[in-house]
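Observations on chain architecture
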Amino acid sequence: METARIYRAEELEKATNSYNESRILGHGGYGTVYRGILPNNKVIAIKKSKIGSQHQVEQFINEITILTQIIHRNVVKLLGCCLETEVPLLVYEFITNGTLSDHIHDKGRSFLLSWEKRLKIAVETAGALAYLHSATSVPIIHRDVKTANILLDDNFTAKVSDFGASRLIPLDQTELNTLVQGTFGYIDPEYFYTSQLTEKSDVYSFGVVLAELLTGRMAFSFDMPESDRILANCFVSAIKDDRLFQILEDHIVNEGNIKLLKEVANIAKSCLSVRGEDRPSMKEVAMELEGLVIMEKHPWGNANVNTEEIENLLNAPTQSFNIDVRTNCSSSTNTRYVA
């Protein structure tokens, strides 16, 4: 694989015009992401950690450790880092089209995100997570799967990003006992209560991403009444009560895709099972979604979907919580780019 490059501090300072505010792509819990332009006109993204925290240094080292082991077309590529500065700097490929969260929750852009594009993004994201869980030398749990950590290029190709919270799972273990970390609304309730992190924790979070793609609603919103805040609960409840089409994003529904929407919704529901052992693996999810795409394109071949071919595609390298089921859902349009 390509070796990550060591960048000079002066080089990155020039690339960002001295970290000018106009170059900020977004802020997050770990720092700020800047757009940089190198002398050869190559555009890069630079993540600058917050000052003065040993935790930030640990996150920096963790992200390098994880990303140098990954080569996959749907995982954001780490180009290198800078070791000369007071705070850690990571340099990534620049992904041109913002985050999936931006596109889902900005009402001016969500209409451009057709069902076909949404399904493509879901398939690519599931494939990347399946790769992390089952095709790397040591299994990797992302631990912060969410729409704000899925970047899109100009062709709406998904790129899973932000591996600062990720964990490598020793081959002789199936779970890790860790401090709970993640984003409210996406956190696996079983992990939240037991601190036992497993691959199924990513599966739950991906189920929330699928629910967002289907409904256009925020995973969690403090702006709503308590009973309306958690999308996962609302989504599962709607399916159980046969109210799915009341909560789907209106413009993605048409007469020809009703069966497909139901199939994807049921996959999301299985991912959102409260008990991890009741959830499918990411590999199973990715294969199911890929199978639905194949059947949509070639409905005459439904009975002969080649699961071996799908599996080869997936493995090819190219990234107090209330669990009561509620009956109401609401939406919100807040978005942010998370570093």
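Residues numbered from 1 in each chain as written. Predicted model: local features only at pLDDT ≥ 70, side-chain atom pairs only at ≥ 80, totals over all residues. Heavy atoms only, no water.

**Some points on the overall build of the protein**
When you go through the protein residue by residue, the secondary structure sums to 12 helices and 12 strands. Sorting the 339 residues of the protein into buried and exposed places 55% on the buried side. On the protein, roughly 15,600 Å² of surface is accessible, and the fraction owed to carbon and sulfur atoms is 49%. (Helix = DSSP H or I, 4+ residues; strand = E, 2+ residues; numbered from the N terminus. Buried < 20%, exposed > 50% of the residue type's maximum accessible area, 1.4 Å probe, protein only. Areas by Shrake-Rupley, 256 points an atom, 1.4 Å probe, with all protein chains shown as cover.)

**With respect to the pattern of salt bridges**
For the structure shown, the criterion picks out 12 salt bridges. Its salt-bridge partner being Arg8, residue Glu84 comes within 2.6 Å of it at the nearest N-O pair. Of the two residues, Glu84 sits in the loop between strand S5 (78–82) and strand S6 (89–93) while Arg8 sits in the loop between strand S1 (5–6) and helix H1 (9–15), which places them 76 residues apart along the sequence. Among the residues examined, Arg8 registers a relative accessible area of 53% and is labelled exposed. Ionic pairing is found between Lys47 and Asp162, a salt bridge with its closest N-O pair at 3.4 Å. Highlighted residues: Lys47 in strand S4 (residues 43–49) and Asp162 in the loop between strand S9 (158–160) and strand S10 (167–168), separated in sequence by 115 residues. (Salt bridge = Lys/Arg side-chain N within 4 Å of Asp/Glu carboxyl O.)

**Examining the packing of helix H7 (residues 199–215) against helix H8 (residues 231–240)**
Packing of H7 against H8 brings their axes to within 10 Å, and their N-to-C directions diverge by 70°. With respect to their mutual orientation, H7 and H8 come out roughly perpendicular. Between H7 and H8 lies a crossing of left-handed hand. Contact residues: H7 offers Tyr204, Val208, Ala211, Glu212, Leu214 and Thr215, while H8 offers Leu231, Ala232 and Phe235. Classifying every residue of the contact of H7 with H8 by side-chain character gives 7 nonpolar, 1 polar and 1 charged. (Axes fitted to C-alpha atoms, helices over the stretch in contact; angles between N-to-C directions. Parallel < 35°, antiparallel > 145°, perpendicular 65-115°, else oblique. Left-handed = near helix turned anticlockwise from the far one by under 90°. Contact = heavy atoms within 4.5 Å. Nonpolar A, V, L, I, M, F, W, Y, C, P; charged D, E, K, R; others polar.)

**Regarding helix H11 (residues 282–297)**
For an α-helix the count is 3.6 residues per turn, leaving residues at separations of three or four pointing the same way. Spanning 16 residues, H11 covers 23 Å between terminal C-alpha atoms, matching the ideal 22 Å at 1.5 Å per step. Buried residues of H11: Met282, Val285, Ala286, Met287, Leu289, Glu290, Gly291, Leu292 and Val293, and no others. (Expected span 1.5 Å × (residues − 1).)

**Re the nonpolar core**
Ranked by size, the top nonpolar core spans 74 residues in total, and within it Ile70, Leu100, Phe206, Phe235, Val264 and Leu289 carry the most contacts. When residues in this core are grouped by element, the largest group, 11 residues, is from helix H5 (residues 115–134). With 13 residues, the next largest nonpolar core counts Tyr7, Ile46, Leu79 and Cys82 among its residues. (Core = buried A, V, L, I, M, F, W, Y, C linked by side-chain atoms within 4.5 Å.)

**Description of the pairing of S5**
The two faces of the sheet receive side chains in turn, since in a regular strand these alternate between them. For S5, the tally of buried residues reaches 5 of 5 residues, placing the bulk of the element in the interior. The sheet contact formed by S1 and S5 spans 2 bridges and is parallel. Bridging from a neighbouring strand, Arg5 pairs with Gly80 of S5. Bridging between S5 and S6 involves 4 bridges; their strand directions are antiparallel. Each residue of the ladder has a partner; that of Cys82, found in S6, is Leu89. As consecutive antiparallel partners, S5 and S6 are separated by 6 residues. (Pairing = 2+ DSSP bridges.)

**A closer look at the side chain of His133**
Residue position: His133 is located in helix H5. Polar contacts involving the side chain of His133 include one to the side chain of Asp202, which spans 2.8 Å. For His133, the residues in contact, after removing those within four places along its chain, are Pro139, Ile140, Ile141, Glu199, Asp202 and Met282. (Polar contact = N/O pair within 3.5 Å; in protein donor to acceptor, adjacent residues only side chain to side chain.)

**A short note on the packing of aromatic side chains**
Evaluation of the coordinates by the stated rule reveals 3 aromatic pairs. Taking 5.1 Å as the distance between ring centres and 75° as the angle between the ring planes, the aromatic pair formed by Tyr19 and Tyr34 counts as edge-to-face. One end of the pair, Tyr19, is in the loop between H1 and strand S2 (24–28); the other, Tyr34, is in strand S3 (residues 31–37), with 15 residues separating them in the sequence. Here the aromatic rings of Phe184 and Phe220 are separated by 4.7 Å at their centres, their planes lie at 85°, and the arrangement is edge-to-face. (Phe/Tyr/Trp six-rings, centres within 6.5 Å; stacked < 30°, edge-to-face > 60°.)

**Overview of the packing of helix H10 (residues 258–271) against H11**
As a packed pair, H10 and H11 sit with axes 11 Å apart at the nearest point and diverge in direction by 180°. The pairing of H10 with H11 is recorded here as roughly antiparallel in orientation. From H10, Leu260, Glu263, Val264, Ile267 and Cys271 reach across to H11, where they touch Val285, Glu288, Leu289, Leu292 and Glu296. Classifying every residue of the contact of H10 with H11 by side-chain character gives 7 nonpolar, no polar and 3 charged.

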